[in-house]
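# A look at the structure
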Amino acid sequence: MTNAPGPAQFLRGRVVGPDHIHDDAVVTIRDGLITAVATPHEWRAKHPGATLPRFSGTLLPGMVDSHCHGTARNSFATTDVAEAERAAAFHHAQGTTSVVASLTPAPLGLLLQQIATLYPLALSGDIAGIHLDLPGLDSLPTARMLVEQGEGTVCLVTLDQNSEHFTEIVHLLDLSRVCIETRATLSEDGPSLLEKVREQVTGSPISLIEAVRAASLRPAVDAGIDAHVGSIVAGRRADILIVDEDISLERVMRDGVWLDEPASGSWSEAVGL
């Protein structure tokens, strides 16, 4: 016997998709997933008699950071689960709804402990995975030990392609379905990814679609998690940001749940459809 699906939520706005902008669209969300993105006409045809949801503003996909060391006060390179949880929660509230937690060079025993600390957060979805920022890694046995410690949660590794055992380590990572990092996106002391999007759109000829894609879908692809996050399309996790006309953050939805309570009114409508 399977569980019945939960009620649908409907969120209407100007939707910034991976390839084009829907000036007016309704996003259907059920059980934490986006199930449809439709025009108001398409939505009315599917839900005759239902009231069209009110327009909420511009909707962006949750930002994705494939290389995040934490915050100025809380690091992911820790053996304290609560500290790692605080680091993740900080970024979620800033609109970076998917964070790949980065670990930097440390003694092997400590790295293994840090991976063990982050492991439950990766399973719960608080972090999107673990990134081993270890360009000096040049030992196949060590690489295997680190990946195995993660039990499938290590999704990204930074390597030096000039290292002696680069080819063998890459082969191991390929077999383990681990990606190799090609660039970093955000340091713990810098502006949020959404702030970077706003700076790019207002201070350069970069389009909104290009800036959003660079801070969401592209890093999701880098980390091998783009099948789950990084864009507002059917089948992806319901990570959605509402921003105003100046691209300032108003609300954050993560996994279909608002991370705050609205001051008044409702931004999305839940209906048993």
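Residues numbered from 1 in each chain as written. Predicted model: local features only at pLDDT ≥ 70, side-chain atom pairs only at ≥ 80, totals over all residues. Heavy atoms only, no water.

Remark: helix α2 (residues 81–93) packs on helix α3 (residues 108–124), axes separated minimally by 9 Å, with the N-to-C direction vectors making an angle of 50 degrees. The angle between α2 and α3 falls in the class oblique. Crossing handedness for the pair α2 and α3: right-handed. Every residue of α3 that contacts α2 at Val81, Ala84 and Glu85 is listed here: Thr117, Leu118 and Leu121. Looking at the contact of α2 with α3 residue by residue, the classes come out as 4 nonpolar, 1 polar and 1 charged. (Axes fitted to C-alpha atoms, helices over the stretch in contact; angles between N-to-C directions. Helix = DSSP H or I, 4+ residues; strand = E, 2+ residues; numbered from the N terminus. Parallel < 35°, antiparallel > 145°, perpendicular 65-115°, else oblique. Left-handed = near helix turned anticlockwise from the far one by under 90°. Contact = heavy atoms within 4.5 Å. Nonpolar A, V, L, I, M, F, W, Y, C, P; charged D, E, K, R; others polar.)

Moving on, we come to the pairing of strand β3 (residues 33–38). Remember that side chains alternate between the two faces of the sheet whenever the strand is regular. In this sheet, β3 lies alongside strand β2 (residues 21–30) in antiparallel orientation, the contact comprising 5 bridges. What sits directly across from threonine 28, in β3, is alanine 36. (Pairing = 2+ DSSP bridges.)

So, on to the sheet that holds strand β8 (residues 154–158). Each strand in a sheet pairs with its neighbour through backbone hydrogen bonds, running either in the same direction (parallel) or in the opposite one (antiparallel). With parallel pairing, the 5 strands of this open sheet are ordered in space as β5-β6-β7-β8-β9. For this open sheet the edge positions go to β5 (64–68) and β9 (179–180), each flanked by a neighbour on one side alone.

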